[in-house]
Amino acid sequence: MGLIVTKQRLKKQTDFLKFKALYGNPLVRKAVAYAVERGKDGRLRLERILDQIASGDGRPRGLNIKDRIVRKVVDIAMKGIGIETEEQARFYASHPNIRRTVMNALLGAHKFGVRFPFIFYAPLMIVWNITWRCNLRCKHCYENAGPLRDKSLTWDEMTTEEKLAFVDEVADSYIPALSFSGGEPLACPDFWEVVEHARERGLYLSMNSNGTLITPEVARRLKELDFAYVAISLDAPVPVSYT
């Protein structure tokens, strides 16, 4: 096991050094600066390049000379981190989470330079305490949620419209992952509406739950919405600690 961990760590360090060496070229830095500028349509120029790769078009048609340079840099960068085949390139360029991570990384390199540990432009995950509501009264609750919440503390929560707008803000900020927490997320009245919108925006979804509201139907729905995982905390061996 230790050998596997060491190999994984060495691979990450090697991939970082490849990226650092590539980014050390002044022409590459200029190309990246150009790629993270926004075009007339409000999108990063890099997004057009990723669209072309995702379409499987190996020829940089319809691109100006600067875009062609960016395309070449992206191709080299992909090969440098082990993306060898055209099929792999299409998959990674079309996957919403990976696209956001790539743009997040290039924006971070442009703004902060390439260093170890690497500084991304934005967080890779937001953990969102979406509600104060909860069906339990755990003595160890750090949010004082549900029945334990002091009457003097605020119970104000975002409206559904505000929550949907927040999901858009996360997606538009090149943050690939959104994790729902609380309180108990499944006790939130508009949870499913918000989650469906997050799925439409292509975010990587996960959830922290006490597990008591996860029926077989809820589990099926979470799977259909492509939740990567649901974390359930077990903080005591006896029921009295949760009631």
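It should be noted that the structure appears before, not after, this text.
Residues numbered from 1 in each chain as written. Predicted model: local features only at pLDDT ≥ 70, side-chain atom pairs only at ≥ 80, totals over all residues. Heavy atoms only, no water.

**Details of the nonpolar core**
Moving on, step 1. The biggest cluster of nonpolar side chains holds 28 residues, and the ones touching the most others in it are Leu46, Ile53, Val70 and Val74.
Moving on, step 2. Every element with two or more residues in this core is listed here: helix H1 (2-23), helix H2 (26-35), helix H3 (45-54), helix H4 (65-80), helix H5 (86-94) and helix H6 (96-112).
Moving on, step 3. Setting aside residues up to four positions removed in sequence, Val70 forms contacts with Ala31, Tyr34, Ala35, Leu46 and Ile49. (Core = buried A, V, L, I, M, F, W, Y, C linked by side-chain atoms within 4.5 Å. Buried < 20%, exposed > 50% of the residue type's maximum accessible area, 1.4 Å probe, protein only. Helix = DSSP H or I, 4+ residues; strand = E, 2+ residues; numbered from the N terminus. Contact = heavy atoms within 4.5 Å.)

**Quick word on the packing of helix H8 (residues 191-200) against helix H9 (residues 216-224)**
Moving on, step 1. It is at 11 Å that the axes of H8 and H9 come closest, and there the two elements cross at 20°. By the angle between their axes, H8 is roughly parallel relative to H9. Note on element contacts: H9 touches H8 through Val218, Arg221 and Leu222, opposite Phe191, Trp192 and Glu196.
Moving on, step 2. In terms of residue class, the contact of H8 with H9 is built from four nonpolar, no polar and two charged. (Axes fitted to C-alpha atoms, helices over the stretch in contact; angles between N-to-C directions. Parallel < 35°, antiparallel > 145°, perpendicular 65-115°, else oblique. Nonpolar A, V, L, I, M, F, W, Y, C, P; charged D, E, K, R; others polar.)

**Quick look at the environment of Ala187**
Moving on, step 1. Relative to the helices and strands, Ala187 is located in the loop between strand E2 (177-181) and H8.
Moving on, step 2. Residues Ala187 and Thr131 lie 56 residues apart in sequence; the distance between their C-alpha atoms is 7.9 Å.
Moving on, step 3. Look past the residues within four positions of Ala187 in its chain and what remains in contact with it is Arg133, Cys134 and Leu213.

**Notes on the sheet that holds strand E1 (residues 125-129)**
Moving on, step 1. Here we have four strands laid out as an open sheet, ordered E1-E2-E3-E4, and parallel in their pairing. Where the open sheet ends on each side, the last strands, each with one partner, are E1 and strand E4 (229-232). When strand polarity is set aside, the average angle formed by the axes of neighbouring strands in this sheet is 20°.
Moving on, step 2. Here E2 runs beside strand E3 (residues 204-209); their pairing, made up of four bridges, is parallel. Residue pairing for E3: Ala177 is matched across the bridge by Tyr204. (Pairing = 2+ DSSP bridges.)

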